[in-house]
Each structure stands twice: as structure tokens, then as C-alpha cells.
Amino acid sequence: MRKGNYILLSFDVEEFDLPLEYGHNMSMEEQMQVGYSGTTIMQNTLQQHNIACTLFTTANYAIHHKEQISLLAQKHEIASHTYYHSQFEEADLLNSKNTLEAISKQRVTGLRMPRMQQVNIKAVKAAGYEYDASINPTWIPGRYNNRHLPRTLYQEESIVRIPASVTPHFRIPLFWLAFKNMPLWLFTQFTLQTLQKDGYVSLYLHPWEFTDISSYPIPAYTKRHAGKKLEDKLHTFIRTLQKHGEFITMQQFKNIQPSNIL
């Protein structure tokens, strides 16, 4: 792979339905409001640093907030996070793609499944996607064990698969829970080690993490350091990474890979 030091920062732009997993009922209106508030904070943060990211967006969220998604699409890549965050059927692959393209006025080529669920890669191809970012090649107890899968991008059924980054040796995941709970210096060190080894890092967060979710009955490790504290942490992290690489979208990254890789 070409060693270009690329940072693929992405956000899952979605309705905030995490409390539903823990038996707390929330109206769709409240889920959307939390998601919208966080996305507004995320939008302002990215604008301050003038960086481009990939926004994996549910069609449900985009329908509720068309104006916001249209504005974000002027700078960032809009990709699919399927139709709803809490339910899925294969028809959602195409339906979400079509809906997001109509709202964003850009071609949607990428997919990330909610909660990194497994997906039928042949169905992904049939729906017209070019890449999938639904792999976290590590072990998350109670979620998945993907330590057998490639750690860096690979191709399957003509679909480019861009796994979330993990450290080279012990496959420590560099995702939202690690960013939230690790000391920033340690997460940064792991990120730079991976960037140096692989030539890129793929990192993902959620906009709702930048709101005050302390009152919801969800595990402490999911809401710790949320809100303004996490927002400040992201500002510092972005400033550091800008010294070591270029922030680009996943579609841009896919397009610059040599033909012998893909």
C-alpha cells in the first residue's frame, strides 16, 4: 500500500437509540433531538479544522434533518448507515442508498452497518456499493470476535472492505469507546503507531457523544467524559493528527489505492 499517512475520520450520524438496548424507552423525537444536537457540535468542530470526513448516516435521520445533511454533503462524504439504526432487512441497503442520494445530491458508495453487524457482502454489491466499513477486526465481548479477519483494507466479492483500525500487534481497537475512555496521550500514541505502520488510520465516533447523555441509564463506559469534555478532546486530537497526515474521506482513500491492491 502507498504510505500516504491518511486519516479516515468518520462519524455514525444516527438517531440516539442506545438507551433502547438497556430497556429505556425513548420517543423517536427525543432520539432525533439528541442526534441532531450532537451532529451540530460535530459540524462546527470539523468546520473549525477545515477537514473532510465520512458521515455514515441512517436514512431515517436524513429524512428528519434534510437541511442539515444537505449542508454537510457540501464538504463531507455521505455514506449509508442503512435505513434505521435499530432494525435491518436487506432491502434497506438499496433503499437507504437511494434516499441518501436524493437528499445529499451526491453518489453514495460506502456502507457501515449499525453496531458493526455482519452483512451479506453479495447483497452489498447488488445494492451498488463500492466499499464496506462494517468490520472491526478485534474482539469485543458480547459483540463480535473478528480477530481472524484482515487488519487492513482488502477486497471481497469486488467490494473494498475498510476495517476500523486496530493496533498492529495486539489489535487494540481505535474506536469510539477507546477514544472516550483512554487517556488522550495513550490513544494518540496507539493511533500514530498504527498510522506509521499502515499508512492510514480509520477511526469512528458518534455525534451524540458530544451531548450531555449522563442522565440516560446506559453503562458508564458509554457515557463517561461525554459532552464538552469529549468535544475539547477531539479538538486536541485533530490538531495533533494534522501534523502527521491528511484527513480524507473513505471514498477518496479507496480511489487512490494502487490497482494491485484492489
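Here the structure is a predicted model, which means the values were calculated and not measured. (Residues numbered from 1 in each chain as written. Predicted model: local features only at pLDDT ≥ 70, side-chain atom pairs only at ≥ 80, totals over all residues. Heavy atoms only, no water.)

(A) A look at the side chain of Gln68. Within the secondary structure layout, Gln68 lies in helix H3 (residues 66-72). A polar atom in the side chain of Gln68 sits 3.3 Å from the side chain of Thr40. (Helix = DSSP H or I, 4+ residues; strand = E, 2+ residues; numbered from the N terminus. Polar contact = N/O pair within 3.5 Å; in protein donor to acceptor, adjacent residues only side chain to side chain.)

(B) Molecular detail of the environment of His24. Mapped onto the elements of the fold, His24 is located in the loop between strand E1 (6-13) and helix H1 (28-49). Separated by 69 residues in the primary sequence, His24 and Leu93 have C-alpha atoms spaced 28 Å apart. Sequence-distant contacts of His24, that is, excluding residues within four places in its chain, are made with Pro19, Tyr216 and Pro217. (Contact = heavy atoms within 4.5 Å.)

(C) Inspection of the pairing of E1 at higher detail. With eight of eight residues buried, E1 lies mostly within the body of the structure. As paired elements, E1 and strand E10 (residues 200-205) share six bridges and run parallel to each other. In the strand pairing of E10, Ser10 is matched with Tyr204. The sheet contact formed by E1 and strand E11 (residues 246-247) spans two bridges and is parallel. Paired with Ile7 across the two strands is Phe247, which belongs to E11. Pairing of E1 with strand E2 (residues 54-57) involves four bridges; the strand directions are parallel. Within E2, the residue paired with Val13 across the bridge is Thr57. As for the winding sense of the linkage, the β-α-β connection from E1 through H1 to E2 is right-handed. (Buried < 20%, exposed > 50% of the residue type's maximum accessible area, 1.4 Å probe, protein only. Pairing = 2+ DSSP bridges. Right-handed = clockwise from strand over helix to strand, strands pointing away.)

(D) A look at the side chain of His235. For His235, the location among the structural elements is in helix H9 (residues 228-241). Residue class for His235 comes out buried when judged on its relative accessible area of 9%. Leaving out residues up to four positions away in the same chain, His235 has contacts with Thr45, Gln48 and His49.

(E) Structural view of H9. If you check H9, its first and last C-alpha atoms are 20 Å apart, about what 14 residues at 1.5 Å a residue would give, namely 20 Å. Of all the positions in H9, only Leu230, Glu231, Lys233, Leu234, His235, Phe237, Ile238 and Leu241 are classed as buried. Buried residues belonging to H9 abut E1, H1, helix H6 (176-181), helix H7 (184-198), E10 and E11. (Expected span 1.5 Å × (residues − 1).)

(F) Focus on the packing of aromatic side chains. One pass over the structure, following the stated rule, counts 12 aromatic pairs. An angle of 55° between the planes, with centres 6.5 Å apart, marks the rings of Phe11 and Phe210 as tilted. With Phe11 in strand E1 and Phe210 in the loop between E10 and helix H8 (220-223), this pair connects stretches of sequence that are 199 residues apart. Ring centres of Phe179 and Phe187 lie 5.3 Å apart, and the angle between their planes is 75°; on these two criteria the pair is classed as edge-to-face. Judged by its relative accessible area of 1%, Phe179 is buried. Aromatic ring contacts, followed pair by pair, group Phe16, Trp176, Trp208 and Tyr216 into a single cluster. In this structure, Arg112 is placed above the aromatic ring of Tyr204, and the distance from its NZ or CZ to the ring centre is 4.6 Å. The ring of Phe179 carries the charged tip of Lys233 above its face, separated from the ring centre by 5.3 Å. (Phe/Tyr/Trp six-rings, centres within 6.5 Å; stacked < 30°, edge-to-face > 60°. Lys NZ or Arg CZ within 6 Å of the ring centre and 35° of its normal.)

(G) Broad picture of the pattern of salt bridges. Per the stated rule, a full pass over the model turns up 12 salt bridges. Between Glu130 and Lys254 there is a salt bridge, with the nearest N and O atoms lying 3.5 Å from each other. Taken together, the residues Glu130 in the loop between helix H5 (121-126) and strand E5 (131-132) and Lys254 in helix H10 (residues 250-255) connect sequence positions 124 residues apart. You can call Lys254 buried: its relative accessible area is 16%. Among the salt bridges present, the one from Arg151 reaches Asp198, with a minimum N-O distance of 2.7 Å. (Salt bridge = Lys/Arg side-chain N within 4 Å of Asp/Glu carboxyl O.)

Limitation: the analysis is restricted to geometry and does not speak to function.
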